[in-house]
Number of protein chains: 4
Amino acid sequence: MNLGINDEEFLRAEKIPMTKREIRILTLALARVGGAEIIADIGAGTGSLSIEAAKFSPDSNIFAVEKNPDAVELLKQNVKKFSADNVTVIHAEASEALKNFSQIDVALIGGSGGKIEQILDAVNKKLKIDGRIAANFIAIQNLSICLEWLRRHKNYHYEVMQVQVNHLKKIGAYDMAQASNPIYILIAEKLPND
Amino acid sequence: MNLGINDEEFLRAEKIPMTKREIRILTLALARVGGAEIIADIGAGTGSLSIEAAKFSPDSNIFAVEKNPDAVELLKQNVKKFSADNVTVIHAEASEALKNFSQIDVALIGGSGGKIEQILDAVNKKLKIDGRIAANFIAIQNLSICLEWLRRHKNYHYEVMQVQVNHLKKIGAYDMAQASNPIYILIAEKLPND
Amino acid sequence: MNLGINDEEFLRAEKIPMTKREIRILTLALARVGGAEIIADIGAGTGSLSIEAAKFSPDSNIFAVEKNPDAVELLKQNVKKFSADNVTVIHAEASEALKNFSQIDVALIGGSGGKIEQILDAVNKKLKIDGRIAANFIAIQNLSICLEWLRRHKNYHYEVMQVQVNHLKKIGAYDMAQASNPIYILIAEKLPND
Amino acid sequence: MNLGINDEEFLRAEKIPMTKREIRILTLALARVGGAEIIADIGAGTGSLSIEAAKFSPDSNIFAVEKNPDAVELLKQNVKKFSADNVTVIHAEASEALKNFSQIDVALIGGSGGKIEQILDAVNKKLKIDGRIAANFIAIQNLSICLEWLRRHKNYHYEVMQVQVNHLKKIGAYDMAQASNPIYILIAEKLPND
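The present account deals with the structure reproduced in this document.

Conventions adopted
- Residues numbered from 1 in each chain as written.
- Chains lettered and ligands numbered in written order.
- Predicted model: local features only at pLDDT ≥ 70, side-chain atom pairs only at ≥ 80, totals over all residues.
- Heavy atoms only, no water.
- Helix = DSSP H or I, 4+ residues; strand = E, 2+ residues; numbered from the N terminus.
- Expected span 1.5 Å × (residues − 1).
- Buried < 20%, exposed > 50% of the residue type's maximum accessible area, 1.4 Å probe, protein only.
- Contact = heavy atoms within 4.5 Å.
- Buried area = accessible area lost by both parts, 1.4 Å probe.
- Salt bridge = Lys/Arg side-chain N within 4 Å of Asp/Glu carboxyl O.
- Polar contact = N/O pair within 3.5 Å; in protein donor to acceptor, adjacent residues only side chain to side chain.
- Phe/Tyr/Trp six-rings, centres within 6.5 Å; stacked < 30°, edge-to-face > 60°.
- Lys NZ or Arg CZ within 6 Å of the ring centre and 35° of its normal.

1. Some points on helix α6 (residues 140–152) of chain A
Logical step 1: If you check α6(A), its first and last C-alpha atoms are 19 Å apart, about what 13 residues at 1.5 Å a residue would give, namely 18 Å.
Logical step 2: For α6(A), the complete set of buried residues consists of A:Ile140, A:Gln141, A:Asn142, A:Leu143, A:Ser144, A:Cys146, A:Leu147, A:Trp149 and A:Leu150.

2. Observations concerning the interface of chain C and chain A
Buried accessible area, meaning the area lost when the parts come together, often serves as the stated size of an interface.
Logical step 1: Facing the nine residues of chain C at the interface are nine residues of chain A.
Logical step 2: When the buried area of chain C at its contact with chain A is split by residue, C:Ile140, C:Gln141 and C:Gln162 rank highest and sum to 52% of it.
Logical step 3: Our enumeration of links across chain C and chain A arrives at zero salt bridges.
Logical step 4: There are three residue pairs in polar contact (both at pLDDT 80 or more) connecting chain C and chain A.

3. A few points about the side chain of D:Arg24
All names here are of chain D.
Logical step 1: If you trace the backbone, arginine 24 turns up in helix α1 (residues 21–30).
Logical step 2: Classification of arginine 24 as buried rests on a relative accessible area of 0%.
Logical step 3: When sequence neighbours within four positions are dropped, the list of residues in contact with arginine 24 reads Ile5, Asn6, Asp7, Phe10, Met18, Thr19, Ser48, Leu49 and Glu52.

4. Here we look at the packing of aromatic side chains
Logical step 1: Overall, the coordinates contain 14 aromatic pairs over all chains when judged by the stated rule.
Logical step 2: The interplanar angle of 40° and the centroid separation of 6.0 Å between the aromatic rings of A:Phe56 and B:Phe56 together place this pair among those described as tilted. Taken as a pair, A:Phe56 in helix α2 (residues 48–56) and B:Phe56 in helix α2 (residues 48–56) lie in two separate chains rather than in one.
Logical step 3: A residue is classified by how much of its surface remains accessible, and A:Phe56, at 3% relative accessible area, is buried.
Logical step 4: Measuring from centroid to centroid gives 4.8 Å for B:Phe10 and B:Phe82, while their planes differ by 35°, and the two rings are tilted. Pair noted here: B:Phe10 is in the segment before α1 (21–30) and B:Phe82 is in the loop between α3 (69–81) and β3 (87–91), with a separation of 72 residues, a long-range link.
Logical step 5: A cation over an aromatic ring shows up here: B:Lys170 above the ring of A:Tyr158, its NZ or CZ 3.6 Å from the ring centre.

Structural data, given as structure tokens:
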């Protein structure tokens, strides 16, 4: 029931993005993943977030949605490598894939392929009351669209934080800070209707 | 089994430090807290780290060690408020308190009261093989002493990261970043003797 | 001809924002302030950026535009305190004030009062070729609007950076990091027409 | 008299470190470089700090001290490229080179080659009253030694800050933050004897 798989353990490929360890930990903890819930991981990429969720929350059912065929292949290999039996890989556009769900408890949004607004609309239709959206952003534009969307959808409570991690790297007698790119983490919870 | 209690839920007092939510989450996840283990929380302060560990890891036994009487009082109130039955409060100097343990699995070091080196020596005597030290630093001096100590004690594998979190605060139509102080998180694992 | 007035030297008032020393230094250096130029400081607030520019670049003419009457009063006091004779205070809305200029070399945008797009349009009309816009943002929304504006106005070359400064504070035997809020600095240069 | 040469303009070589633009700007501004002063740049590396100082402060005499022969070669090429006539390259160990000065106004310490304490001692002997030491650190160990040295030498007033810059990189329709490693900037001023 541990949280925090080392980044090196995942199979990786160039140009397929991976959510880093500290961001995975914070995203899943703040999304309150942990129970027997339906989780949709949109733009799953390498699959690190899905697999982390699977290991941390063995009673969850995680659906890793990815449209890029190369990423799907890698994703499947990682699911196999980690024996993440509660992860189902879905090769589809996010909005299409979401139509097949009756209800979801948590939507993890790692990648949005330029369609963040459509994804939020599609997620919103299926997200149950008290369900959570947890999104990671590196582009100002996507963060901004998402903030605007949340300000229009008043039935969500949200918080956003920017997290920057600098790892100290041992070089001879020295420990030197090596920066990682800062990530925006957004957590939104769907409130009951009045 | 959730991780990430809101900071506002803890009773607080001026001058008694509190480890913030995101730092608690990362510290406990990276220390691989979660099993049925003995955890010593050194310099427990407000008790937020002990209580977070207690809730996240109900099978652990957590000993919250604190020398400041005011902090001990606050700590007890927080333990009570959260019904954290697996937390035992110990009012003592860290080095003294550690003498009473036969073995510990995890040492969390939040505060060191100017005695980080003695604390590390005392922890080292009781920490079992595969046990972890997880320390949070805000002072360069303590981080530096700890790095030096670890470079002398070659039977530890360690990693250090600096984490900075900026929360977006809603002010009218705007979301504006509000900084939190950066924290160094150190995770050291005791290796088997050759 | 120094750059980097200490923040404490400025008269301040609650709710009137002030650009901090390190951000002033970087903003003015990157805007290549220094010659005999016309500089408009939009949303001048406390006046710290105008006064820093005035001292660093004594041959410049700086026009500090501010609509809030309380800020105007404070601004005037600071100009007097620093004997910044090359600063002219203008009490007006930014877009109105800009109409009176024939041409400007540099526009510094500290505050925008919710009208960033109008300000950019008004600045654009008066900014000469090779002129620079240097803006500081704390709100994601304003940064985002400005990025969009620049992507539409292809005759600007721009760069944006986020700067976060943590000052070490001496507390007894310790030096402890104290965070400042991260600021986005945008520098845009108007290119010659083809 | 501009400050802020673009990093790309310097000739570079692998393994020879370069102080980045924003750090150069802040270091020189906070060291109050600008007058007709003697500046020793210790561990000059690529020479970016020396050359930036030379251009920003044409009346200064800058001595760029470097022990690594490869770096000295690069340094000379950069001095030539920028026609930085007020920069003198000295191929020597810092402590040796400093013996030849009668007095210095500013010591810039970029690299210390594991000898930060000897360098501080040697600088201290030659630094005039009101002179400044400006050092950039990436290793916790060097920062820590320097803080300790300054706490022993009470005739210095010092301040330290950590600066982290994230540049937004344009990738298609997006602006995405790219981290630079955080740098500690230390500024110490030698006070008059009582």
